[in-house]
Amino acid sequence: MNINDQLLAALSLYGLPVLFSVIFASSLGIPLPATFVIVVAGSFAQLGDMNIWWVLVLGAMAAIAGDQTAYAIGHWGGPRLAKRLTKWFGGALQLEKAENVVNRWGWAGVFLSRWLVTSFGPPINYTTGITGFSYRRFLLWDVTGEVVWVGLYVLAGELFSDRVQALIETLGSLAWVEIGLIAAAIFGWLLYRNLRNSRK
Amino acid sequence: MTEPRKINWQQWLFILGFVVSLVIVVVFALQAFRHAPRPRADEPIRSWMTIPYVSHSYHIPEYVLYQALDLPRVPRDRRPLTAIARLQKRTVASVITALQDAIKLSRPPYPTPLPFPPGATPPPTPPPAVPRGPA
């Protein structure tokens with residue numbers, strides 16, 4: 001029995017505490033299938049085995065609490081670590097540039113990584129904390145994104161409540177499609193910039 | 001006539017990265033399409049599923065599945081198949097096979113089996129109620 005099956009079995013046995021723990025841990029970067037768990041919880045809610053409102057509220061609370069914890073770890077521990085690393089290996093200028101990018105575009109990264117490209121969520125939580133991204137803005141976009149995530153996936157679980165296994169496998173493949181598209185966009189942009197510079 | 005532009009190693013690297021990323025997109029998009037939920041399509045029974053879920057997924061009355069596993073219909077059993085297998089001291093695979101057989105025999109051309117009459121249900125030992133979060 002793989003880890004997904006074990007967690008889903010635990011979800012059907014113990015319900016909401018498992019839902020909360022898996023989502024919280026996943027927001028910290030521990031590789032657990034939070035999306036699968038929330039989808040199956042949506043299906044169980046449709047069957048009347050879980051309360052839909054508890055699933056929505058606790059799911060969102062777990063995700064937001066995990067994100068806030070990761071941001072706090074990055075905020076309190078990150079700058080010291082970054083300073084030490086740049087002292088040893090250099091790259092202070094690159095770090096400053098990264099900080100500027102995060103401060104300018106961080107809100108979009110926070111919002112989209114909550115519900116669209118969820119695999120980028122934990123690294124963005126830590127990065128925004130390390131780079132000193134405004135906490136108020138982080139909180140605003142984090143809460144908005146997580147509410148969208150929980151709502152969307154619980155709804156998907158309810159709509160496809162009799163075909164959850166197929167939905168889980170489809171979502172797993174779609175996550176790779178998203179990562180592939182982002183990587184293609186990055187490589188395409190780097191190639192375009194490089195060709196343009198070499199022409200000058 | 002202009003000379004063809006030379007591509008340096010960095011540009012080759014970006015082209016390779018771009019192509020590999022597109023291959024990943026195509027392969028997983030095809031896989032997503034293959035696995036996409038389709039109406040009335042049976043999905044494999046997995047160890048995490050519960051009897052109510054299997055019943056809902058296969059559009060089979062719950063009592064058919066409870067009867068197949070010698071379980072009482074009441075209270076509604078929300079445990080996963082893995083827990084039922086452990087309780088009955090059998091493998092998960094044998095539980096899944098029993099359910100698959102019951103499903104097969106309750107679909108056309110076979111008639112849907114009738115529920116056991118009250119009092120005739122043969123539960124060996126009713127399983128204890130499992131504590132859960134707020135329902």
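For clarity, every value in this text was computed on a predicted model and none was experimentally measured. (Residues numbered from 1 in each chain as written. Chains lettered and ligands numbered in written order. Predicted model: local features only at pLDDT ≥ 70, side-chain atom pairs only at ≥ 80, totals over all residues. Heavy atoms only, no water.)

1. Structural notes on the nonpolar core
Nonpolar side chains tend to gather and get buried jointly when the protein is soluble and globular.
Then, number 1: Core analysis: the biggest nonpolar cluster contains 57 residues, and Leu11, Leu19 and Ile38 of chain A together with Ile45 and Trp48 of chain B have the highest contact counts within it.
Then, number 2: It is helix α3 (residues 34-47) of chain A that contributes the most residues to this core, nine residues altogether.
Then, number 3: The residues contacting Ile45 of chain B, other than those within four sequence positions of it, are Val54, Tyr58, Leu81, Ile96, Leu99, Gln100 and Ile103 of chain B.
Then, number 4: Of all hydrophobic cores here, the second largest spans five residues; its members include Tyr71, Val102, Val110 and Phe138 of chain A. (Core = buried A, V, L, I, M, F, W, Y, C linked by side-chain atoms within 4.5 Å. Buried < 20%, exposed > 50% of the residue type's maximum accessible area, 1.4 Å probe, protein only. Helix = DSSP H or I, 4+ residues; strand = E, 2+ residues; numbered from the N terminus. Contact = heavy atoms within 4.5 Å.)

2. Focus: the packing of α3 of chain A against helix α8 (residues 164-199) of chain A
All names here are of chain A.
Then, number 1: The interhelical angle for the contact between α3 and α8, taken along N-to-C directions, is 155°, at an axis separation of 10 Å. In this view, α3 runs roughly antiparallel relative to α8, as classed from their interaxial angle. Pair α3 / α8 crosses with right-handed handedness. For the pair α3 and α8, the contacting residues are Thr35, Phe36, Val39, Val40 and Ser43 in the first and Val164, Leu167, Ile168, Leu171 and Gly172 in the second.
Then, number 2: Tallied by class, residues from the contact of α3 with α8 come to seven nonpolar, three polar and no charged. (Axes fitted to C-alpha atoms, helices over the stretch in contact; angles between N-to-C directions. Parallel < 35°, antiparallel > 145°, perpendicular 65-115°, else oblique. Left-handed = near helix turned anticlockwise from the far one by under 90°. Nonpolar A, V, L, I, M, F, W, Y, C, P; charged D, E, K, R; others polar.)

3. Details of the interface of chain B and chain A
Then, number 1: Each partner contributes residues to the interface: chain B has 44 residues there, and chain A has 46 residues.
Then, number 2: Counting every contact that joins chain B to chain A gives three salt bridges.
Then, number 3: Measuring nitrogen to oxygen at the nearest pair gives 3.2 Å for the salt bridge that ties Arg78 of chain B to Asp49 of chain A.
Then, number 4: At the junction of chain B with chain A, the criterion picks out 14 residue pairs in polar contact (both at pLDDT 80 or more).
Then, number 5: Counting residues per element, the ones that place at least two in the side of chain B that touches chain A are α1 (9-35) and α2 (51-58) of chain B.
Then, number 6: When residues in the side of chain B that touches chain A are grouped by element, the largest group, 15 residues, is from α1 of chain B.
Then, number 7: Each residue belonging to the side of chain B that touches chain A can be placed in one class, and the counts come to 22 nonpolar, 14 polar and eight charged. (Salt bridge = Lys/Arg side-chain N within 4 Å of Asp/Glu carboxyl O. Polar contact = N/O pair within 3.5 Å; in protein donor to acceptor, adjacent residues only side chain to side chain.)

4. Re the pattern of salt bridges
Then, number 1: Tallying each qualifying case throughout the model produces eight salt bridges over all chains.
Then, number 2: A salt bridge links Glu169 of chain A to Arg46 of chain B; its shortest N-O distance comes to 3.9 Å. In this pair, Glu169 of chain A is assigned in helix α8 and Arg46 of chain B in the loop between α1 and α2, connecting two distinct chains.
Then, number 3: The class of Glu169 of chain A is partly exposed, set by a relative accessible area of 28%.
Then, number 4: Three or more residues joined by partner-sharing salt bridges are found here, namely Asp5 and Glu169 of chain A together with Arg46 of chain B.

5. Points about a nonpolar patch on the surface
Then, number 1: Taken together, the side chains of Tyr135, Leu139, Val143 and Val147 of chain A define a hydrophobic patch exposed on the protein surface, amounting to about 310 Å² of accessible area.
Then, number 2: Assignment of secondary structure puts Val143 of chain A in helix α7 (residues 135-159). (Patch = residues over 30% accessible without salt bridge, like charges linked within 9 Å, V, L, I, M, F, W, Y side chains within 5 Å. Areas by Shrake-Rupley, 256 points an atom, 1.4 Å probe, with all protein chains shown as cover.)

6. Section: the confidence of the model for chain B
Residues and elements named next belong to chain B.
Then, number 1: In the predicted model, chain B carries a mean pLDDT of 83, and the fraction of residues at 70 or more is 79%.
Then, number 2: This stretch, residues 122-129, has a pLDDT under 50; its non-local contacts, to residues over four places away or in other chains, come to ten contacts.
Then, number 3: Of the two predicted TM-score estimates for the complex, the pTM is 0.81 and the ipTM is 0.79. (pLDDT = per-residue confidence, 0-100.)

7. Quick notes on the environment of Leu99 of chain B
Residue and element names in this part refer to chain B.
Then, number 1: Looking at where Leu99 falls in the secondary structure, it is placed in helix α5 (residues 92-105).
Then, number 2: With relative accessibility at 0%, the residue Leu99 sits in the buried group.
Then, number 3: For Leu99 and Ile51, which are 48 residues apart along the polypeptide, the C-alpha to C-alpha distance reads 9.1 Å.
Then, number 4: The residues contacting Leu99, other than those within four sequence positions of it, are Ile45, Ile51, Leu65, Leu69 and Leu81.

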